[in-house]
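# Structure at a glance
Now for the letters of each chain:
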Amino acid sequence: MSNIELSEQEIIRRNSLNRLRELGINPYPAEMYNVNATAKEIKEQFDSEKGNFQDVTFAGRIMSRRIMGKASFAGLQDSTGRIQIYVNRDEICPGEDKTLYNEVFKKLLDIGDIIGVKGFVFVTQMGEISIHVKELTVLSKSIRPLPVVKEKDGKVFDAFTDPEQRYRQRYVDLIVNPQVKDVFVNRTKIINTMRELFNERGYLEVETPILQPIPGGAAARPFTTHHNALNIPLYLRIANELYLKRLIVGGFDGVYEFAKDFRNEGMDRTHNPEFTVMEIYVAYKDYHWMMDFTEEMIERVALALHGTTKVQLGDKEIDFKRPFKRVTMYDAIQEYTGIDISGMDEEQLRGVCKDLDIEVDPTMGKGKLIDEIFGEKCEGNYIQPTFIIDYPKEMSPLCKKHRNNPDLTERFELMVNGKELCNAYSELNDPIDQLERFQEQLKLSEKGDDEAMYIDMDFVRSLEYAMPPTSGMGIGIDRLTMLMTDNLSIQDVLLFPQMKPEKKSEGDSDGKFEELGIPTDWVGVIRKMGFTKVEQLKEIKPGKLFNDLCGYNKKNKLGLTNPSADEVKQWVN
RNA sequence: CGGUCUGUAGCUCAGUUGGCAGAGCAGCUGACUCUUAAUCAGCGGGUCCAGGGUUCGAAUCCCUGCAGACCGACCA
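Criteria and cut-off values
- Residues numbered from 1 in each chain as written.
- Chains lettered and ligands numbered in written order.
- Predicted model: local features only at pLDDT ≥ 70, side-chain atom pairs only at ≥ 80, totals over all residues.
- Heavy atoms only, no water.
- Helix = DSSP H or I, 4+ residues; strand = E, 2+ residues; numbered from the N terminus.
- Buried < 20%, exposed > 50% of the residue type's maximum accessible area, 1.4 Å probe, protein only.
- Contact = heavy atoms within 4.5 Å.
- Lys, Arg positive; Asp, Glu negative; His and termini not counted.
- Charge placed at Lys NZ, Arg CZ, Asp CG, Glu CD.
- Domains from an automatic or database assignment.
- Axes fitted to C-alpha atoms, helices over the stretch in contact; angles between N-to-C directions.
- Parallel < 35°, antiparallel > 145°, perpendicular 65-115°, else oblique.
- Left-handed = near helix turned anticlockwise from the far one by under 90°.
- pLDDT = per-residue confidence, 0-100.
- UniProt positions renumbered as here; feature names shortened; annotations may be inferred.
- Core = buried A, V, L, I, M, F, W, Y, C linked by side-chain atoms within 4.5 Å.
- Pairing = 2+ DSSP bridges.

The next subject is the overall build of chain A. Tallying secondary structure elements over chain A gives 20 helices and 20 strands in all. Buried positions account for 46% of the 573 residues belonging to chain A. Partitioning the intrachain contacts of chain A with sequence separation of at least 6 by distance along the chain shows that 63% fall at a separation of at least 24. For chain A, the distance from the average site of its 76 positive side-chain charges to the average site of its 94 negative ones is 7 Å.

Structure (C-alpha cells):
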C-alpha cells in the first residue's frame, strides 16, 4: 500500500516508527519485560508511610498525555486499570543527550503505544498516586490512532459507542471502554460459579460431538457441512442432549457440558447463530428436584457476582432469591387469557387462537398451538424468575409423561424478564414411548414443520438398554449473562458476535493500472482521486485528469515528477 | 421482509432559506518542571456513503442504490 492511501496521522506514526529505528530503538523488542506491579495493586496498596512500591516495573498502553516542557504526565493502562506516570526530562536523560525525552517521549511516542517504565510510586501535589519514571522502554509502537475517550467527574467525552465498530473491532472497544472488560470477566465468573457447584456435587464435565450425523435434541434448523473422507453430510449440533443421556445410560450419575450450539436461524438482540448452553443430566432425580437445584445454582451465581440476590436490569430490579414462583402452563394461560384450555382438542385450540388474534397455520399441531398462545399472551409477563411447569406432550418429545396426567409432560422452563432462560425435564426413558414420539415428529415434518426433530435410532437403542430415571436441564449462558450484567443485547455479552462480512472496496489491482502505462507512484494518487477501477478512467477527459494529478502532486508536496499531458492521454485511451 | 432514523476530518458531532466545509478532541510547530477533559499561541487535515436528477449554484431538495441503528414480522 502506498502512503498516499493512509491518513495523515497514520503516515506521521509510520514516520515516527522509522525514526525510532534510526535512533537505534527497536519499536517491537523481543525481550520479555518483567513487570512487578499492576495499576490496581499500586492504587489499592500504596502507602507513603510504609514506603512500599519504591522499585516498580510497570507496563501499559499510553492512554493520555500532558506535556509541560521538561516534565510530563501520562496515563498508562494495563489489564487492571490506569495509573498516571510522571516523566521528568533530566531524570530519564541524566547526561547531556536529551533525545529520549525531547524526541522519543515527546514526539515519537503517541497515544496507543505500549511502553514499560521503572521507577517509584509517589503522590502528586494534586493527590494522585503516580509512578515517578526513571527508565522508559518502548515495547510496542502503535501506527493506527486510537479513539480518544476522555472522562471528567464521571462524564465521558467523545465516547466510542458505535455498535458496529465496537463489535467488529472488539479489541478497540476493550481498550477504550473499560466497563466492557468487566462484562466478560463476569461472564467467566458465572461459568466458574456453576462449574464449582457441579464439581462439588461430583458431577462430571464431559465433551460431546459438535459435528453430528443427526442433529438431535432440539427443534431448530441446523448448519450443514460435509465430511470428505466419509462422504457424508454432517451437522453442527443444535443441542447435546441425546449424547449426554447416552452417558447416563453408560453409568455416569451426573454429567454436564458447557457447549457451543449452532442454529441456522435469524439474528437479533437475543439470537446469535452460535451460542453457549450448559446442559446437565442427573440420574435418579426428577424435575421437582431439578427446580430446587436450578434455583440454588442461579441464586449462587447472583450472589457470587453481586453479593446480593437483587440484580438491576434496565429499569427493573430482578430478585433471584429462592424459592421462585411455580405456575403450570394451563394456569398461566388461564390467568392471562381467562380461558381454560385443559382437555381441548386441536380444533378447539385453533378457535381459541382465532379469538385471541393469534396467527396460526395448518402445520401446527396441538402442542405448537398451545405454545403460541403461551408465547403470545403469557411469556412476556414473567419478569421475576418463575417456573412454568407441565407442558403439553406434543411439544416435548424427549420428556417423560406427567405422573398424574397423560396429556402433559414433566417439564419446566424458567422465565426471567419475559424470556425463557432454562428448560428442563424428567427425561423420557421409556424406549418404546420415545420411538413413538419421534415418529410423531416425523409426521409433523411431513406436514411441513421444518423444525420437527430427526429420529435418532441409536439414541432409542441406548434407551432400550435402560436409562435410570433422570432429570436434565439446559440453560442459555448468553442470556444468563445478559441478565446478570444488565445488558439487553446478546452482542454485548459475546466477545465476537457474528456480523455481516465487512464490505471491501472493490477495485482493480495496481497491476491493472500499470498495464495502462501508469507509473506505480501515480497509481495511489489516481485511487485517491476516486478511480478504483481502470474502467472509470476511460470515461474522463485526459486534460482534466492531467490538471488534477499535477495539482494534487503540488498541493500535497508529493515530490513526484509530473507526467506530460500526452502521457496522461495515452493512459486514458 | 415492513416502518422510523442515521451516514460530514483519525474520533464525537454541528451545518440556518440551496450560496466559499465547521467545532471540540486527536495530529503538527512552538512555549511551559506536579498536570489531570492541563493551559497558551499558531498550523494542517474532507470522495460531505455511492450514482443519477432539479438548479446559475446541492452536504442541504428529489429518485435509486449501499451500509448501519432502532422498532416490528419471521425464526427458539
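Inspection of the secondary structure puts Thr481 in helix α15 (residues 477-485). Under the relative-accessibility criterion, Thr481 is labelled buried at 0%. Residue contacts for Thr481: discarding those within four places in its chain leaves Arg187, Ile190 and Val493.

Now for the domain arrangement of chain A. Domains assigned within chain A are domain 1 (8-146), domain 2 (185-324 + 384-492) and domain 3 (510-572). Measuring from the centre of the C-alpha atoms in domain 1 to the corresponding centre in domain 2 gives 50 Å.

Okay, the environment of Ile210 next. The residue Ile210 is located in the loop between β8 (204-205) and β9 (211-212) in this model. Spatially, the C-alpha atom of Ile210 lies 7.8 Å from that of Asp261, the residues being 51 residues apart in sequence. In this structure Ile210 touches Tyr235, Leu236, Arg237 and Phe262, once residues within four positions along its chain are discounted.

Two numbers describe how helix α11 (residues 346-355) lies on helix α12 (residues 366-377): the axes approach to 10 Å, and their chain directions differ by 25°. By the criterion of interaxial angle, the relationship of α11 to α12 is roughly parallel. The handedness of the crossing between α11 and α12 comes out as left-handed. Taken together, the residues of α12 that come into contact with α11 (itself represented by Glu346, Leu349, Arg350, Val352 and Cys353) are Lys366, Leu369, Ile370 and Ile373.

A word on the confidence of the model for chain A. Caution is warranted with low-pLDDT regions, since their predicted coordinates should not be read in detail. With 90% of its residues at a pLDDT of 70 or more, chain A has an overall mean of 88. Least confident of the elements in chain A is helix α18 (residues 534-537), whose mean pLDDT is 63; most confident is β8, at 98. Listed scores for the predicted complex are pTM 0.87 and ipTM 0.87.

Quick look at the UniProt feature "binding site: Mg(2+) 2" (unreviewed entry) in chain A now. According to UniProt, the positions carrying the feature "binding site: Mg(2+) 2" (unreviewed entry) are Glu420. Considering the arrangement of structural elements, one finds Glu420 in strand β19 (residues 419-426). Excluding residues that lie within four positions of it along the chain, Glu420 makes contacts with Glu379, Glu413, Leu414, Met415 and Arg479.

Moving on, we get to the nonpolar core. Where a protein is soluble and globular, its nonpolar side chains tend to be buried together. Ranked by size, the top nonpolar core spans 39 residues in total, and within it Met194, Phe198 and Ile475 carry the most contacts. Among the elements that make up this core, the one with the highest residue count is helix α9 (residues 287-306) (9 residues). Not counting residues up to four positions away in its chain, the partners in contact with Met194 are Phe258, Met278, Met297, Val301, Ile475, Ile477 and Leu480. With 29 residues, the next largest nonpolar core counts Ile42, Val56, Phe58 and Cys93 among its residues.

With that settled, consider the pairing of strand β13 (residues 274-283). Along a regular strand, successive side chains alternate from one face of the sheet to the other. Within β13, 9 of the 10 residues are buried, which leaves the element mostly enclosed by the surrounding structure. As defined by bridge partners, strand β12 (residues 254-262) adjoins β13 across 9 bridges and the pair is classed as antiparallel. Looking at the pairing, Phe262 lines up with Glu274 of β13. The pairing of β13 with strand β20 (residues 470-476) spans 7 bridges and is classified as antiparallel. Within the sheet, the bridge partner assigned to Ala283 lies in β20 and is Thr470.

A few words on the pairing of β19. The pairing of strand β18 (residues 411-416) with β19 spans 6 bridges and is antiparallel. Paired with Phe412 across the bridge in β19 is Ala424. Where β18 folds back onto β19 in an antiparallel hairpin, the turn is made up of 2 residues, including Asn417, whose phi is positive at roughly 55°. Two elements, β19 and β20, share 5 bridges in a ladder whose sense is antiparallel. If you follow Ser426 over to β20, its bridge partner there is Ser471.

This part is about unusual backbone geometry. Omega for the bond connecting Arg322 with Pro323 falls within 30 degrees of zero, at -10°, which places this linkage in the cis form. Within the secondary structure, Pro323 is located in the loop between β15 (316-319) and β16 (325-328). Backbone geometry at Asn231 places phi at a positive 50°, although glycine is not the residue there. Following the sequence through the fold, Asn231 ends up in the loop between β10 (224-227) and β11 (232-236). We classify Asn231 as exposed; its relative accessible area is 57%. In this model, Asp390 sits at a positive phi of 65°, which is unusual for a non-glycine residue. By the element assignment, Asp390 lies in the loop between β17 (386-389) and β18. For Asp390, a relative accessible area of 9% corresponds to the buried category.

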